[in-house]
Amino acid sequence: MIGIIFGPPGSGKGTQAAKIEQDFRLKHLSTGDILRHEVVAGTPIGQEAGRIMAAGDLVPDQLIVDIVRSRLPEAEAGDGVLLDGFPRTLRQARALDAMLSDEGHNVDLVLALDVPEEVLIDRLLHRAQIEGRADDTREAITERMHEYHKLTEAVLDHYQRRRVRVERVDGLGSPDAVFERIRRAIGISSR
Ligand code: B4P
């Protein structure tokens with residue numbers, strides 16, 4: 001099973017992916033987490049990505065595609081993979097499709113979280129007070145929403161056109177309430 005958890009910034013992709021990983025046999029692969037790890041470790045990738053992320057922009061497609069290409073085989077070794085934060089552009093989606101088709105695989109499911117923009121902004125500003133993430137400033141949040149509408153939304157159309165199963169899930173309410181909806185939408189038994 002190759003799944004994608006999709007949604008705008010702050011929609012709860014990371015929050016729900018952690019629950020899905022725990023409950024279903026899917027390996028969680030978050031490009032945001034990988035990049036933040038590189039930033040903390042001060043690697044060349046982290047130095048390049050850190051500045052871009054802090055401004056709320058997307059890091060270059062090639063850099064992200066190379067990261068996913070190097071991690072995917074290990075993640076695929078289990079029962080399935082849940083991609084979080086990837087693909088975020090059409091170029092990334094096409095690169096993913098090509099990577100998977102080389103191995104005879106394809107994307108099986110896209111879980112798309114729907115949350116109104118004013119709630120997203122409140123959540124991210126709230127997280128800023130708790131975690132102090134560099135990209136949770138008001139300016140960076142505005143830019144991230146802009147990038148989402150300009151570049152990322154098209155990824156959902158791409159998979160709908162390719163007749164991949166897309167499940168839209170209401171992302172409002174407590175994390176547990178959202179997870180319950182996801183569980184029903186996935187409709188496969190948990191561990
Ligand atoms: P991500 O790490 O993917 O960040 P995100 O979209 O903000 O996170 P997410 O939607 O997972 O929100 P979360 O669950 O944490 O990316 C960060 C940056 O990395 C990008 O802007 C970009 O620069 C770069 N990047 C990553 N992948 C890339 C790619 N493929 N290509 C290019 N660049 C890439 O939830 C947010 C907050 O809401 C949290 O505080 C959480 O506690 C809260 N929350 C969650 N669910 C809630 C609920 N139901 N109710 C109330 N609060 C909730």
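What comes next concerns the included structure. Keep in mind it's a predicted model, so treat the numbers as computed, not measured.

### Re the packing of aromatic side chains
Aromatic ring pairs are defined here through the distance separating the ring centres and the angle between the ring planes. By the definition in use, this model includes two aromatic pairs. On the basis of an interplanar angle of 45 degrees and a centroid distance of 6.1 Å, the ring pair of Phe 6 and Tyr 148 is categorised as tilted. With Phe 6 in strand E1 (residues 2-6) and Tyr 148 in helix H7 (residues 138-161), this pair connects stretches of sequence that are 142 residues apart. Assigned by exposure class, Phe 6 and Tyr 148 land together as buried. Ring geometry for Phe 24 and Phe 179: centres 6.4 Å apart, planes at 70 degrees, overall edge-to-face. With Phe 24 in the loop between helix H1 (13-23) and strand E2 (27-30) and Phe 179 in helix H8 (residues 175-186), this pair connects stretches of sequence that are 155 residues apart. Judged on exposure class, the residue Phe 24 and its partner Phe 179 are both buried.

### Here we look at the side chain of Asp 84
With respect to the helices and strands, the residue Asp 84 is situated in strand E3 (residues 81-84). Those residues in contact with Asp 84 that lie beyond four places of it in its chain are Ile 5, Lys 13, Gly 14, Ala 17, His 28, Leu 29, Ser 30 and Thr 31.

### Section: the nonpolar core
Counting residues in hydrophobic clusters, the biggest one holds 33 residues, and the most contacted among them are Leu 83, Leu 96, Val 110 and Tyr 159. Elements with a contribution of two residues or more to this core: E1, helix H2 (31-41), helix H3 (44-54), helix H4 (61-76), E3, helix H5 (90-102), strand E4 (109-114) and H7. With seven residues, H4 is the largest single contributor of residues to this core. Beyond its immediate stretch of four places on either side in the chain, Leu 83 contacts Ile 2, Gly 3, Ile 4, Ile 5, Leu 29, Leu 72 and Leu 96.

### Thoughts on the side chain of Glu 76
Topologically, Glu 76 is positioned in helix H4. At 11 Å, Arg 69 is the nearest oppositely charged side chain to Glu 76, a buried residue that forms no salt bridge.

### Topic: the sheet that holds E4
Taken together, five strands build an open sheet; the order of strands is E2-E3-E1-E4-E5 and the sheet is parallel. Strands at the two margins of the open sheet, each flanked by one partner only, are E2 and strand E5 (165-170). Geometrically, the sheet is characterised by an average inter-axis angle of 20 degrees between neighbouring strands, direction not taken into account. Across the sheet, H8 is in contact with E4 and E5; its angle to E5 comes to roughly 155 degrees.

### Section: the layout of surface pockets
Considering only enclosed or pocket space, the largest pocket measures out at about 1,000 Å³ in volume. Contributing to the lining of the largest pocket are 46 residues, with Gly 10, Lys 13, Arg 127, Arg 133 and Arg 144 lying nearest its centre. Taken together, the elements giving at least two residues each to the lining of the largest pocket come down to E1, H1, H2, helix H6 (117-131), H7 and H8. Of the residues forming the lining of the largest pocket, the biggest block, five residues, is contributed by H2. Its residues placed into classes, the lining of the largest pocket shows 16 nonpolar, 17 polar and 13 charged. Taken as a whole, the second largest pocket holds about 180 Å³ of empty space. Around the second largest pocket, the lining residues are Lys 27, His 28, Leu 29, Ser 30, Asp 33, Ile 34, Arg 71, Glu 74 and Ala 75. Those elements that provide at least two residues to the lining of the second largest pocket are E2, H2 and H4. When residues of the lining of the second largest pocket are assigned to their parent elements, the largest contribution, four residues, is made by E2.

What counts and what doesn't
Residues numbered from 1 in each chain as written. Predicted model: local features only at pLDDT ≥ 70, side-chain atom pairs only at ≥ 80, totals over all residues. Heavy atoms only, no water. Phe/Tyr/Trp six-rings, centres within 6.5 Å; stacked < 30°, edge-to-face > 60°. Helix = DSSP H or I, 4+ residues; strand = E, 2+ residues; numbered from the N terminus. Buried < 20%, exposed > 50% of the residue type's maximum accessible area, 1.4 Å probe, protein only. Contact = heavy atoms within 4.5 Å. Core = buried A, V, L, I, M, F, W, Y, C linked by side-chain atoms within 4.5 Å. Lys, Arg positive; Asp, Glu negative; His and termini not counted. Salt bridge = Lys/Arg side-chain N within 4 Å of Asp/Glu carboxyl O. Pairing = 2+ DSSP bridges. Axes fitted to C-alpha atoms, helices over the stretch in contact; angles between N-to-C directions. 1 Å grid on protein atoms, 1.4 Å probe; cavity = no way out; pocket = protein on both sides within 12 Å on 5 of 7 lines; lining within 4 Å. Points joined across faces, edges and corners; volume = space filled by probe spheres on them. Nonpolar A, V, L, I, M, F, W, Y, C, P; charged D, E, K, R; others polar.

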